[in-house]
Amino acid sequence: MRRGSFSKISFLVLATIFMWLKTYIIYKTSFNIKIENITQEFILFINPLSFLLFIFGIGLFFKEKNRNRYILAASFFVTFILMANVIFYRFYDDFLTIPVLFQTSNMGDLGSSITSLFEISDLFMVLDLLILLWLYKSNPKFKTDLRATRKEKTAYFLLVAAVFFFNLGIAEAERPQLLTRSFDREMLVKNISVFNFHLYDAMLQSKQSAQRALADSNSLTEIQNYVDANRVDPNEELAGIAKGRNVIAISLESTQSFVVNKKLNGKEITPYLNDLIKESYNFTNFYHQTGQGKTSDSEFIVDNSLYPLGRGAVFFTNPGNKYMASPDIFKENGYYSSVMHANNKSFWNRDLVYDSFGYDKFFDLDSYNVNEDNSIGWGLKDKEFFEQSVELMKEMPQPFYTRLITLTNHFPFELGEEDKMIDEYDSSSRTLNRYFPTVRYQDEALKRFIEKLKEDGLYENSIIVLYGDHYGISENHNEAMGQFLGKEITPFEETQLQKVPFVVHIPGITDKGPKTIEKVGGQIDIRPTIMNLLGINTEDQIQFGNDLLSKEKQDLTVLRDGSFITKDRLYTDGVCYDKATGEPIDEEPEGCEPFIEKAKQELSYSDEIVYGDLLRFYKENKIVDGSKPDGQ
Ligand code: GP9
Ligand code: MN
């Protein structure tokens, strides 16, 4: 670059470099960002660059004096953002988001103690500002009257774009589907920088507020009519058979039904579960209904009996909505509620969402003793997790509702040799091969868990609910899956593979009278089914699920992609299949026809509730006037 050009941007370059290094130093000293390899470290290092070049680059549109003034102001502004995050992180172990900024209760906690959160070392954060200020005031080298030419500006912003896409490219390679699939703030900051994360957050926020602003209570009236028309009476005989018991719900990570009662090299894959279902209510035509939000979507469905969103994770897009979630219903019935999961509390935005759902407590990573020896893959091993969870459960006020989220059977299905109780499979898919030992391990962990509940006196007065959260083996592994199942994986089979276990074990009851329930259902039916067993009435709830034990329940379940399954038909990708043969049926499309519209309608009603935050219009089981929402 010519000297002239350089002097036009030298103040800019200096400010950028200062801020870049400062951000990286803050990443390393003030935030706890887990780095697993050198690529991740590199991404972390370069990620502030695109934003900083951009924001300081705007200075090129000003003449020199104003330019430097602008750059100084931008430096103060960016430093302020960093500082706010550092201080917030010190208290909450999390990055700032817009909903959090407006969550007065959170901010109230911080309140007066904000000054006490400052540390002497924070002064380091203004060091570069002082240098820039001093240069601006005293050093004429940084003052020329030159304007940047059009060409130079274009070249500069092309460079900014190149840096941005380079960053995004390697981040996507390191963490596929970063922006659509993973909504962990730490992950976003680690990959696209704390600054771009705020921009992303602002974008989501504005979209969401627009949709919310346009909604009124009339939309809810129509939906309530639909819900009421589709509600069936729960099973009367079974109503209240588990009244007053603790509810222990276990989310089985990535567990699909195809492993149940199935052998690999002559060995059962889930021997414990296979025995347990003989003493339980076992639902054999049960499907997960999750979308991109994976585990978090399943949590949303289970606790709300609503559908997750077609795009993104509702936990991330609408964490602050008004919900009528299980914890609130349980609370009204004298229950204490909690979630137990040994991961960062901010993963999937859980900390915020659980507050909205009304949970009394989230036992997150900090509640567990996690070290290298008791961890594998994503974190704490299931056996240890269950073991420690029972200890925590012993201290809970009873009756309680607690949801435990397992972790070991998560892609990439890593497991230490000492924990392998079954061989890997032998196929072209490393993922499928490794799936079996981790499923087997999870099954063993479950066995130990229930034994421990018995030892510790928590078994008899509880009901145990098991469900698979979502698929573990995606369609990318169809060939290997076909080899294992001994049949070609057609779109029909692929949809059938979305079946996950749903098992309700009621000590003293289901062991004496187990049932196999073939009624077609999905995760939205879990809440109404369990509530009826507990004798809790959910007739006033706006929910799409129904009691799966009710004779009247229609054999129909809608998956998030619009596919659906009835008693004898399966519809996916616009094709109607005969369930008995797995073959498409052209001559008799009526089998699917009546449900196609219904499926779409139901999903869109559910979306409307979420995007419009419609449940805010529902108070004390009545729809209230939409013109005066509760001032939120
Ligand atoms: C992470 C765990 C896994 O906390 O729930 O999430 P997933 O990737 O399955 O959605
Ligand atoms: Mn999961």
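In this text the structure is predicted, and so the values were computed from the model without any measurement. (Residues numbered from 1 in each chain as written. Chains lettered and ligands numbered in written order. Predicted model: local features only at pLDDT ≥ 70, side-chain atom pairs only at ≥ 80, totals over all residues. Heavy atoms only, no water.)

Things to note about the coordination of the manganese ion (ligand 2)
Reasoning step 1: At the metal site, the manganese ion (ligand 2) is ligated by E253 (OE), E253 (OE), T295 (OG1), D469 (OD) and H470 (NE2), and these contacts range over 2.1 to 2.3 Å.
Reasoning step 2: Around the manganese ion (ligand 2), the 6 donor atoms sit at angles spanning 56 to 167°, and that spread fits a shape best called irregular.
Reasoning step 3: Counting the intervening residues between successive donors of the manganese ion (ligand 2) yields the motif E-x41-T-x173-D-H. Of this pair, T295 sits in helix α13 (residues 294-304) while D469 sits in the loop between β11 (462-468) and α19 (478-485), placing them 174 residues apart in sequence.
Reasoning step 4: Classification of D469 by relative accessible area gives buried; the value is 0%. (Donors = N, O, S within 2.8 Å, 3.2 Å for Na, K, Ca; no water. Tetrahedral: all angles 85-135°; square planar, octahedral: opposite > 155°, others 65-115°. Helix = DSSP H or I, 4+ residues; strand = E, 2+ residues; numbered from the N terminus. Buried < 20%, exposed > 50% of the residue type's maximum accessible area, 1.4 Å probe, protein only.)

With respect to the UniProt feature "binding site: Mn(2+)" (unreviewed entry) in the protein
Reasoning step 1: Within this numbering scheme, the UniProt entry marks E253, T295, D469 and H470 as carrying the feature "binding site: Mn(2+)" (unreviewed entry). For this annotated set, covering 218 residues, all C-alpha atoms fall within 7.7 Å of each other, a compact arrangement in space.
Reasoning step 2: Taking relative accessible area as the criterion, T295 reaches 5% and is therefore assigned buried.
Reasoning step 3: The residues touching T295, leaving out its near neighbours within four places in the chain, are E253, W348, R350, I405, D469 and H470.
Reasoning step 4: Ignoring any residue separated from it by four or fewer positions in sequence, one finds D469 in contact with S251, L252, E253, S254, T255, H288, T290, T295, S298 and Q523. (UniProt positions renumbered as here; feature names shortened; annotations may be inferred. Contact = heavy atoms within 4.5 Å.)

Details of the packing of helix α11 (residues 217-230) against helix α22 (residues 593-611)
Reasoning step 1: For the pair α11 and α22, the least separation of the axes is 11 Å and the interaxial angle reads 135°. The angle between α11 and α22 places the two elements in the oblique class. Remark: the crossing between α11 and α22 carries left-handed chirality. Facing S219, E222, I223, Y226 and N230 of α11, the residues of α22 in contact are K598, Q601, E602, Y605, E608 and I609.
Reasoning step 2: Of the residues that constitute the contact of α11 with α22, the class distribution is 4 nonpolar, 3 polar and 4 charged. (Axes fitted to C-alpha atoms, helices over the stretch in contact; angles between N-to-C directions. Parallel < 35°, antiparallel > 145°, perpendicular 65-115°, else oblique. Left-handed = near helix turned anticlockwise from the far one by under 90°. Nonpolar A, V, L, I, M, F, W, Y, C, P; charged D, E, K, R; others polar.)

Quick look at the packing of helix α8 (residues 150-174) against helix α10 (residues 185-214)
Any two packed helices are characterised by how steeply their axes cross, that is the angle between the axes, and by the distance between the axes.
Reasoning step 1: Viewed as axis vectors pointing N to C, α8 and α10 meet at an angle of 135°, and their least axial separation amounts to 8 Å. Considered as vectors, α8 and α10 are oriented oblique to each other. Residue-level contacts link F164, N167, L168 and A171 of α8 to N191, I192 and N196 of α10.
Reasoning step 2: Here the contact of α8 with α10 is built from residues that sort into 4 nonpolar, 3 polar and no charged.

Structural notes on the environment of E172
Reasoning step 1: The residue E172 is located in helix α8 in this model.
Reasoning step 2: Along the sequence, E172 and R311 sit 139 residues apart, while their C-alpha atoms lie 18 Å from each other.

As for the UniProt feature "binding site: substrate" (unreviewed entry) in the protein
Reasoning step 1: The sites that carry the UniProt feature "binding site: substrate" (unreviewed entry) are, in the present numbering, H410.
Reasoning step 2: Structurally, H410 can be placed in the loop between β10 (400-405) and α18 (430-455).

Some details on the sheet that holds β11
Reasoning step 1: Taken in spatial order, the 8 strands of this open sheet run β7-β6-β10-β1-β11-β12-β4-β13, and their pairing is mixed. Either end of the sheet is taken by a strand with one partner, and the two such strands are β7 (361-363) and β13 (515-517). Neighbour to neighbour, the strand axes of the sheet diverge by 15° on average, direction disregarded.
Reasoning step 2: Summarising the sheet, strand β1 (residues 246-252) and β11 pair through 7 bridges and their orientation is parallel. Directly across from S251, in β11, lies its bridge partner Y467.
Reasoning step 3: In the packing of α13 onto the sheet, the strands contacted are β10 and β11, and the crossing angle to β10 comes to about 160°.
Reasoning step 4: Across the face of the sheet, α18 comes into contact with β1, β10 and β11 while running at roughly 170° to β1. (Pairing = 2+ DSSP bridges.)

Focus: the domain arrangement of the protein
Reasoning step 1: Segmentation of the protein into domains returns domain 1 (3-210) and domain 2 (241-304 + 315-532).
Reasoning step 2: Taken over C-alpha atoms, the centre of domain 1 sits 40 Å from the centre of domain 2. (Domains from an automatic or database assignment.)

Overview of the sheet that holds strand β16 (residues 564-566)
Reasoning step 1: An order of β15-β16-β17-β18 is seen for the 4 strands of this open sheet, with the pairing classed as antiparallel. Each of the sheet's edge strands pairs with one partner strand only, and the pair in question is β15 (556-558) and β18 (575-578). Neighbour to neighbour, the strand axes of the sheet diverge by 15° on average, direction disregarded.

A short note on the nonpolar core
One recurring pattern in soluble globular proteins: nonpolar side chains tend to sit buried together.
Reasoning step 1: One finds F502 and F544 to be the most contacted residues of the largest nonpolar core, which totals 124 residues.
Reasoning step 2: Counting contributing residues, this core receives three or more from each of domain 1 (3-210) and domain 2 (241-304 + 315-532).
Reasoning step 3: Residues contacting F544, with those up to four places away along its chain left out, are I223, Y226, V227, S305, L306, Y307, I524, E602, Y605, S606 and I609.
Reasoning step 4: Counting 30 residues, the second-largest nonpolar core is a separate cluster that includes V390, L404, A445 and Y459. (Core = buried A, V, L, I, M, F, W, Y, C linked by side-chain atoms within 4.5 Å.)

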